[in-house]
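For reference, the chains in residue letters:
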Amino acid sequence: MRRHSPRVFRTASRFFRRREQVEEAAQEVFLKAFTQLDTYEGRGSFEGWLTRITTNTCLNLLRSARRRPELSASDLSEDEGAWLEHNMAGEAAARQQSFERGVVAADLADKVLSTMSEDDRVVLMMMDGEEASVKEVSEATGWSESNVKVKAMRARRRMREAVEKLLGI
Amino acid sequence: MRDEHVKKLLDEAPLSSLGKAELASVRAHVESCDECRRAFDAAHLSSRLLQSRAAETFEPSPFFQTRVLAALRERRAAEEERWTFAGLWKSAGLLVSSMAATVAALAVFTFVAPQEQTTGQEVAGTYTAESVIFDEAGDDQMTYEQVLTSLYGDEDEAAR
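Reading the values: rules and limits
Residues numbered from 1 in each chain as written. Chains lettered and ligands numbered in written order. Predicted model: local features only at pLDDT ≥ 70, side-chain atom pairs only at ≥ 80, totals over all residues. Axes fitted to C-alpha atoms, helices over the stretch in contact; angles between N-to-C directions. Helix = DSSP H or I, 4+ residues; strand = E, 2+ residues; numbered from the N terminus. Parallel < 35°, antiparallel > 145°, perpendicular 65-115°, else oblique. Contact = placed C-beta atoms within 7 Å. Nonpolar A, V, L, I, M, F, W, Y, C, P; charged D, E, K, R; others polar. Buried ≥ 20, exposed ≤ 12 C-beta atoms within 10 Å, placed from the backbone.

Enquirer: Account for the packing of helix 8 (residues 134–141) of chain A against helix 9 (residues 145–167) of chain A, with residues named and values stated.
Expert: Residue and element names in this part refer to chain A. As a packed pair, helix 8 and helix 9 sit with axes 9 Å apart at the nearest point and diverge in direction by 105°. The pairing of helix 8 with helix 9 is recorded here as roughly perpendicular in orientation. Seen from helix 8, the contacting residues are Val134, Lys135, Val137 and Ser138; seen from helix 9, they are Glu145, Val148 and Lys149. Here the contact of helix 8 with helix 9 is composed, by residue class, of three nonpolar, one polar and three charged.

Given below as structure tokens:
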């Protein structure tokens, strides 16, 4: 469990932002892995099998707590509004990077992602956030590669439109 | 690229995966196309937001393993309890159904069997000596006991 915990936590962190939620999801993943260990046929890597369990468990947890509010510029905090403004205004690169690395950008990302479907969220976080390949996403989710491509394309368009709406452009 | 809109290209692949040449031609296009510039700005911000979000990750707490093992034990105990209860429930069901079968069998022996004997006597009583002698009822349908009853039953009663 010690060996695989970081990977499970990293995957669960794509879906949840609060530590308790991530831990709860990770716990559920390990419980499932223990009870379903006999279903692991040893054909793929164990890490891949565990990642798939993690992804599906987190997707199910997200679906069970479905809440997809509409997001408008008035929902943004002052910092989030400032982040968008600075990035649009093309401030100094160093300042941008410090913002981007900060909690504000992640908060804002989470707000935008919370308005999208669970599938959109997964595919965006994996492909655009972590630069995972189509094949990796396909293995983690169980979706076909062509399905991943279609989902990614639609998710990017929705994310782009949500950001455009926030920017009021 | 100059005359083609780049929106589709922005949606097809992550912005970070575009090559230098591709990115340069996208930039060149958005200089002259407002619609694509807005899309490009939004895609650029989306990409940065997602990367910031992806950078956030949690490390397992020191007690995580203990918690998981405790939860696993708890879940197994609950499952065992459920199996035990299911076993008890099944045994109780078997006991109840066997008791019901016994009661039904006793009821059959108590109420139905004696009635069958009575019915036999009643049937015998319907035959008369004349009907037997003149073969009105048909001998092949009568038992030996019925024949005797029909022939001597009345005399015996009279003698008593």
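What follows picks up the thread again.
Enquirer: Which residues make up the environment of Val68(B), and what are the values?
Expert: As for its placement among the helices and strands, Val68(B) is situated in helix 4 (residues 64–125). Its 22 C-beta neighbours within 10 Å are what place Val68(B) among the buried residues. Not counting residues up to four positions away in its chain, the partners in contact with Val68(B) are Met1(A), Gln27(A), Phe30(A) and Leu31(A).

Enquirer: With reference to specific residues and values, describe the interface of chain A and chain B.
Expert: Each side of the interface is counted separately: chain A has 43 residues, and chain B has 34 residues. Listing elements by their share of the side of chain A that touches chain B, those giving two or more residues are helix 1 (5–13), helix 2 (19–35), helix 4 (78–89), helix 5 (93–101), helix 6 (103–113), helix 7 (118–129) and helix 9 of chain A. By residue class, the composition of the side of chain A that touches chain B is 22 nonpolar, five polar and 16 charged.

Enquirer: Go over unusual backbone geometry, please, and point to the residues and values.
Expert: The phi torsion of most residues other than glycine is negative, and most of the peptide bonds are trans. Residue and element names in this part refer to chain A. In this model, Glu131 sits at a positive phi of 60°, which is unusual for a non-glycine residue. Here Glu131 is to be found in the loop between helix 7 and helix 8. According to the C-beta neighbour criterion, Glu131 is partly exposed, with 14 such atoms within 10 Å.

These values are about where atoms sit, not about what they do.
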